[in-house]
Amino acid sequence: MSRFANAHPVWTAILALAVVILLWLIFAVWPAGLVDVIGKKKIFLSALFNGITLGGLYFLVASGFTLIFGLMRNVNLAHGSLYLLGGYVGFHAADITGFWLMAFPVAFILVGICGVLLQILVFRRMEGQDLRQTLVTIGISIVAADLMLWGFGGDFVNISPPAWLSGPIETLFVTGQKRSGDLVYMKYPLVRIVIFFAAVAVGIAMWLALNRTRVGMMIRAGVDDRDMLSATGARIQIVFVGVFALGAGLAGVAGVVGGTFQSVAPGEDIRFLLASLVVVIVGGMGSIPGAALGALLIGLAEQFGSVYFPTYAVVLTFLIMVVVLAFRPQGLMGQG
């Protein structure tokens, strides 16, 4: 941080000012003039926290995608299908067992197995052939979408959280002031808060695993020079199968989260595949912190865009990607 501040004092000052303004907007009681310009503070805070929690969901999807696409250089455009499959599997697991938490391991294991099959049957036979991988996985995603439509139907399904996670809780953020002088505090769904912190925990665990463990070192070394690592006796194919299973399993877990946040329905696979692509491009290929930053930016852009610029909400997301590609093609936290 100090190195960035010394190299870019102007940008540091701008970022510091932006942080101060944001903190004031979050914690202060807004004057009437500001409400007339921006709207109610409750709407602003809802968009802010919805964007942050949506960013957590995007990170769960994109973290698996950045492992497979950004780190292993496998172009898996069927990643959105893995997300949708995880949502459907999680819904039925929770419905059959009556236990919401059971949806997560079931979706992780079953979708992870699908990832293993993809790696062995498809990607191992097409190493380094990006165009073939792209075309084949597009075909797989189309077939998978039709099979899931046939098997699970076309209805919207929602995964209900347990009673202890249902309903809102009162936060510390002031949304207004009554005539009596009492402050009004914002209420926010507890399940979104819990799942967001779970996404943060997953991100930290992945970063530590890739940067502080022997397996993580083998993965990064295998991507850079597979032949040299194989010469040391490391069973690189087993390591890559494990990484692919982890990436697919995370997509399945994200499907359960998405089904709890919103709903699961046909077409969500394409939406989250595009979101994952944008997040990886913005954050930087193969970077877990970059995926987290990219997911946060895209989540906030979608939510604030839908509230304040509903006509251009989709454009705002891709505008961020265009600006990043124009000034930093490797992504915000990608290696130059």
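What you see is a predicted model, and the numbers here were worked out from it, not measured in a lab.

Caption draft 1: Structural detail: the overall build of the protein. A tally of helices and strands in the protein yields 14 helices and two strands. Against the globule reference of 20 Å for 336 residues, the protein gives a C-alpha radius of gyration of 21 Å, in line with a compact fold. Its C-alpha atoms give the protein principal-axis dimensions of roughly 70 × 55 × 35 Å. Across the 336 residues of the protein, 44% fall into the buried class. Per element, the accessible surface of the protein, about 17400 Å² overall, is 70% carbon and sulfur.

Caption draft 2: Here's a closer look at the pattern of salt bridges. In total, this model carries one salt bridge according to the counting rule given. With a shortest N-O distance of 3.4 Å, R271 and E268 are connected by a salt bridge. Taken together, the residues span about one helical turn, with R271 and E268 both in helix α12 (residues 268-283) at a distance of three residues.

Caption draft 3: How the structure looks around a nonpolar patch on the surface. A cluster of nonpolar side chains, namely F108, I109, L110, I113, L117, I120, L121 and L246, defines an oily patch on the protein surface of about 670 Å² accessible area. Ranked by residues supplied to the nonpolar patch, first place goes to helix α6 (residues 103-121) with seven residues. One can find L246 in helix α11 (residues 236-261).

Caption draft 4: Layout of the environment of G252. Note on placement: G252 falls in helix α11. Looking at G252, the relative accessible area reads 0%, which means it is buried. C-alpha separation for the pair G252 and A107, spaced 145 residues apart in sequence, amounts to 5.2 Å. Non-local contacts of G252, meaning those with residues more than four positions away in its chain, are made with L82, G86, G87, A107 and V111.

Caption draft 5: Fine view of the packing of α6 against α11. Running from N to C, α6 and α11 point in directions that differ by 140 degrees, and their axes come no closer than 7 Å. Taken together, the axis directions place α6 and α11 in an arrangement best described as oblique. Crossing of α6 against α11: the hand is right-handed. Here the residues of the contact of α6 with α11 are counted per class, giving 18 nonpolar, six polar and no charged.

Caption draft 6: Local environment of the side chain of S63. Looking at where S63 falls in the secondary structure, it is placed in helix α4 (residues 41-71). Of note is the side chain of S63, whose polar atom sits 2.9 Å from the backbone oxygen of L60. Leaving out residues up to four positions away in the same chain, S63 has contacts with M206 and L250.

Caption draft 7: Layout of the nonpolar core. Ranked by internal contacts, the top residues of the largest apolar core, which has 64 residues, are L57, Y58, V239, V257 and V279. The biggest single contributor to this core is α11, with 13 residues. When sequence neighbours within four positions are dropped, the list of residues in contact with Y58 reads R271, F272, A275, V279, A295, I298, G299 and E302. Counting 14 residues, the second-largest nonpolar core is a separate cluster that includes I26, W30, L34 and L45.

Caption draft 8: Structural detail: the pairing of strand β1 (residues 168-177). In this sheet, strand β2 (residues 183-189) lies alongside β1 in antiparallel orientation, the contact comprising six bridges. When the sheet's bridge partners are listed, P168 is paired in β2 with P189. Turn length for the β1-β2 hairpin, with the two strands adjacent in sequence and antiparallel, is five residues, and the turn residue G181 shows positive phi of about 100 degrees.

Caption draft 9: Spatial organisation of the packing of aromatic side chains. Summed over all chains, the structure comprises twelve aromatic pairs. Both rings, one in F304 and one in Y308, keep their centres 6.1 Å apart while their planes meet at 15 degrees; by these two values the pair is stacked. In this pair, F304 and Y308 are both assigned in helix α13 (residues 288-308), four residues apart and thus about one turn of the helix distant. For Y308, a relative accessible area of 26% gives the class partly exposed. Over the ring of F261 we find R192; its NZ or CZ atom is 4.6 Å from the centre of that ring.

Caption draft 10: Region of the structure containing helix α5 (residues 79-97). Between the first and last C-alpha of α5 there are 27 Å, a value that for 19 residues agrees with the 27 Å anticipated at 1.5 Å per step. Counting buried residues in α5 gives 14 out of 19 residues, a clear majority hidden from the surface. Residue G98 follows α5 closely and has a positive phi angle near 70 degrees.

Calculation notes
- Residues numbered from 1 in each chain as written.
- Predicted model: local features only at pLDDT ≥ 70, side-chain atom pairs only at ≥ 80, totals over all residues.
- Heavy atoms only, no water.
- Helix = DSSP H or I, 4+ residues; strand = E, 2+ residues; numbered from the N terminus.
- Rg over C-alpha atoms; globule rule 2.2 N^0.38 Å.
- Buried < 20%, exposed > 50% of the residue type's maximum accessible area, 1.4 Å probe, protein only.
- Areas by Shrake-Rupley, 256 points an atom, 1.4 Å probe, with all protein chains shown as cover.
- Salt bridge = Lys/Arg side-chain N within 4 Å of Asp/Glu carboxyl O.
- Patch = residues over 30% accessible without salt bridge, like charges linked within 9 Å, V, L, I, M, F, W, Y side chains within 5 Å.
- Contact = heavy atoms within 4.5 Å.
- Axes fitted to C-alpha atoms, helices over the stretch in contact; angles between N-to-C directions.
- Parallel < 35°, antiparallel > 145°, perpendicular 65-115°, else oblique.
- Left-handed = near helix turned anticlockwise from the far one by under 90°.
- Nonpolar A, V, L, I, M, F, W, Y, C, P; charged D, E, K, R; others polar.
- Polar contact = N/O pair within 3.5 Å; in protein donor to acceptor, adjacent residues only side chain to side chain.
- Core = buried A, V, L, I, M, F, W, Y, C linked by side-chain atoms within 4.5 Å.
- Pairing = 2+ DSSP bridges.
- Phe/Tyr/Trp six-rings, centres within 6.5 Å; stacked < 30°, edge-to-face > 60°.
- Lys NZ or Arg CZ within 6 Å of the ring centre and 35° of its normal.
- Expected span 1.5 Å × (residues − 1).

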